[in-house]
Amino acid sequence: MNRISRLVDAIEEQVMACILGVMTLITFANVVSRYVFNTNILWALEVTVFLFAWLVILGASYALKKAAHLGVDVVILAVSPAKRKFLGILSGLAVFAFSFLMFKGAWDFWANFAELPATTGRWFPTGFEDKFRGKGWYETTSTPIPEFFRFLEGWFNEGERYEKMPRLIPYMVLPIGMGLLLFRSTQALVRLFTGRIDRVIASHEAEEAIKQIDVRD
């Protein structure tokens, strides 16, 4: 489990770093193109928006791993350690339930843009074929499709050529990101049950407020 966690950590961090770097390069290139060459990279804005969405959604699970989500801990700091653990477990269960519902909703939304391949061994449960077949032709507005993604035409577009990037690719971050969030919430819940942590947030508003009062005095 620790090996899997470390592997996911490394992949998550590298992917977010690459996304931020690519966003910076695309934005810089578009600015230079506009003000120096008086032209525009048509797909730059849409790609940047998609990348920013990837960064935010993946960052949500990363922040949960780092316990960096903000929260109010006035109540849990005012109770005994036993009650604090109980409240922490309740909050962990709430986060887990929220993550599960978000993952389910994200999967259902993304599945609408993913036509099933006409092969055996499909990854959708039996009975989903008719519901989701034939919707893989939805494309983005201006983002071109790289040539190495052309194999998707046979899988999701009945062999028809894509003119732009199919939406199922950028929207794929929804099940991936929410799946990571569910994974992180499960990790946090295990740590809460084992007593390694007593909360899923990192903010300490009460302590910070007391320190500010002491400084003023």
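Everything numeric here is computed off the predicted structure, so don't read it as measured data. (Residues numbered from 1 in each chain as written. Predicted model: local features only at pLDDT ≥ 70, side-chain atom pairs only at ≥ 80, totals over all residues. Heavy atoms only, no water.)

### Comments concerning the overall build of the chain
Next, step 1: Within the chain one finds 8 helices and 0 strands.
Next, step 2: Seen in sequence order, the chain has helices and strands lined up from the N terminus as α-α-α-α-α-α-α-α.
Next, step 3: By residue count, 37% of the 217 residues in the chain fall in the buried class.
Next, step 4: The long-range fraction of contacts in the chain, counting pairs at least 24 apart against all pairs at least 6 apart in sequence, stands at 66%. (Helix = DSSP H or I, 4+ residues; strand = E, 2+ residues; numbered from the N terminus. Buried < 20%, exposed > 50% of the residue type's maximum accessible area, 1.4 Å probe, protein only. Contact = heavy atoms within 4.5 Å.)

### Re a nonpolar patch on the surface
Next, step 1: A cluster of nonpolar side chains, contributed by Val75, Phe86, Leu87, Leu90, Leu93 and Phe193, occupies part of the molecular surface with about 550 Å² of accessible area.
Next, step 2: For the nonpolar patch, the element with the highest residue contribution is helix H4 (residues 81-111), accounting for 4 residues.
Next, step 3: Residue position: Leu87 is located in helix H4.
Next, step 4: You can call Leu87 partly exposed: its relative accessible area is 30%. (Patch = residues over 30% accessible without salt bridge, like charges linked within 9 Å, V, L, I, M, F, W, Y side chains within 5 Å. Areas by Shrake-Rupley, 256 points an atom, 1.4 Å probe, with all protein chains shown as cover. Salt bridge = Lys/Arg side-chain N within 4 Å of Asp/Glu carboxyl O.)

### A closer look at the packing of aromatic side chains
Next, step 1: Applying the stated criterion across every chain yields a total of 4 aromatic pairs.
Next, step 2: Taken together, a centroid distance of 6.3 Å and an interplanar angle of 75° make the contact between Phe50 and Tyr171 edge-to-face. Residue Phe50 is found in helix H2 (residues 44-65), and its partner Tyr171 is found in the loop between helix H6 (152-156) and helix H7 (173-193); the two are separated by 121 residues along the sequence. Comparing Phe50 with Tyr171 shows no difference in burial state: the two are buried.
Next, step 3: Relative to Trp110, the ring of Trp107 has its centre 5.5 Å away and its plane inclined at 50°; by these criteria the two rings are tilted. Of the two residues, Trp107 and Trp110 both sit in helix H4, 3 residues apart, roughly one turn of that helix.
Next, step 4: A residue is classified by how much of its surface remains accessible, and Trp107, at 24% relative accessible area, is partly exposed.
Next, step 5: Aromatic rings pair up to connect Phe50, Phe109 and Tyr171 into one cluster. (Phe/Tyr/Trp six-rings, centres within 6.5 Å; stacked < 30°, edge-to-face > 60°.)

### Structural notes on the nonpolar core
Next, step 1: Judged by nonpolar contacts, the single largest core of 20 residues is most densely connected at Ile19, Leu51 and Leu58.
Next, step 2: Elements that contribute at least two residues to this core include exactly helix H1 (2-35), H2 and H7.
Next, step 3: Take this core: its biggest share by element is 8 residues, from H2.
Next, step 4: Among residues more than four places away in sequence, those in contact with Leu58 are Glu12, Val15, Met16, Ile19, Val173, Ile176, Gly177 and Leu180.
Next, step 5: Core analysis: the next-biggest nonpolar cluster, separate from the first, contains 12 residues, Phe50, Phe113, Tyr162 and Tyr171 among them. (Core = buried A, V, L, I, M, F, W, Y, C linked by side-chain atoms within 4.5 Å.)

### Examining the environment of Pro81
Next, step 1: Mapped onto the elements of the fold, Pro81 is located in helix H4.
Next, step 2: For Pro81, a relative accessible area of 64% gives the class exposed.
Next, step 3: Remark: the alpha-carbon pair of Pro81 and Asp198, spanning 117 residues in sequence, is separated by 8.4 Å.

### So, the packing of H4 against H7
The description of two helices packed together rests on the angle between their axes and the distance between the axes.
Next, step 1: In the contact formed by H4 and H7, the axes pass within 8 Å of each other and the chain directions differ by 165°. The angle between H4 and H7 falls in the class roughly antiparallel. When you trace H4 past H7, the crossing you get is left-handed.
Next, step 2: Taken together, the residues that form the contact of H4 with H7 break down as 20 nonpolar, 6 polar and 1 charged. (Axes fitted to C-alpha atoms, helices over the stretch in contact; angles between N-to-C directions. Parallel < 35°, antiparallel > 145°, perpendicular 65-115°, else oblique. Left-handed = near helix turned anticlockwise from the far one by under 90°. Nonpolar A, V, L, I, M, F, W, Y, C, P; charged D, E, K, R; others polar.)

### Section: the packing of H2 against H7
Next, step 1: Packing of H2 against H7 leaves a shortest axis separation of 8 Å and a crossing angle of 5°. As summarised for this structure, H2 and H7 are arranged roughly parallel, according to the angle between their axes. On H7, the residues touching Trp54, Ile57, Leu58, Ala60, Ser61, Leu64 and Lys65 of H2 are Val173, Leu174, Ile176, Gly177, Met178, Leu180, Leu181, Arg184, Ser185 and Arg191.
Next, step 2: For the contact of H2 with H7, the residue count by class is 11 nonpolar, 3 polar and 3 charged.

### Here we look at the pattern of salt bridges
Next, step 1: Going through the model one piece at a time under the given rule, you end up with 3 salt bridges.
Next, step 2: With a closest N to O distance of 2.6 Å, Lys104 and Asp108 form a salt bridge. Here the residue Lys104 and the residue Asp108 both occupy positions in helix H4, the gap between them amounting to 4 residues, near one helical turn.
Next, step 3: For Lys104, a relative accessible area of 43% translates into the label partly exposed.
Next, step 4: Two residues, Glu147 and Arg150, come together in a salt bridge whose shortest N-O distance is 3.5 Å.

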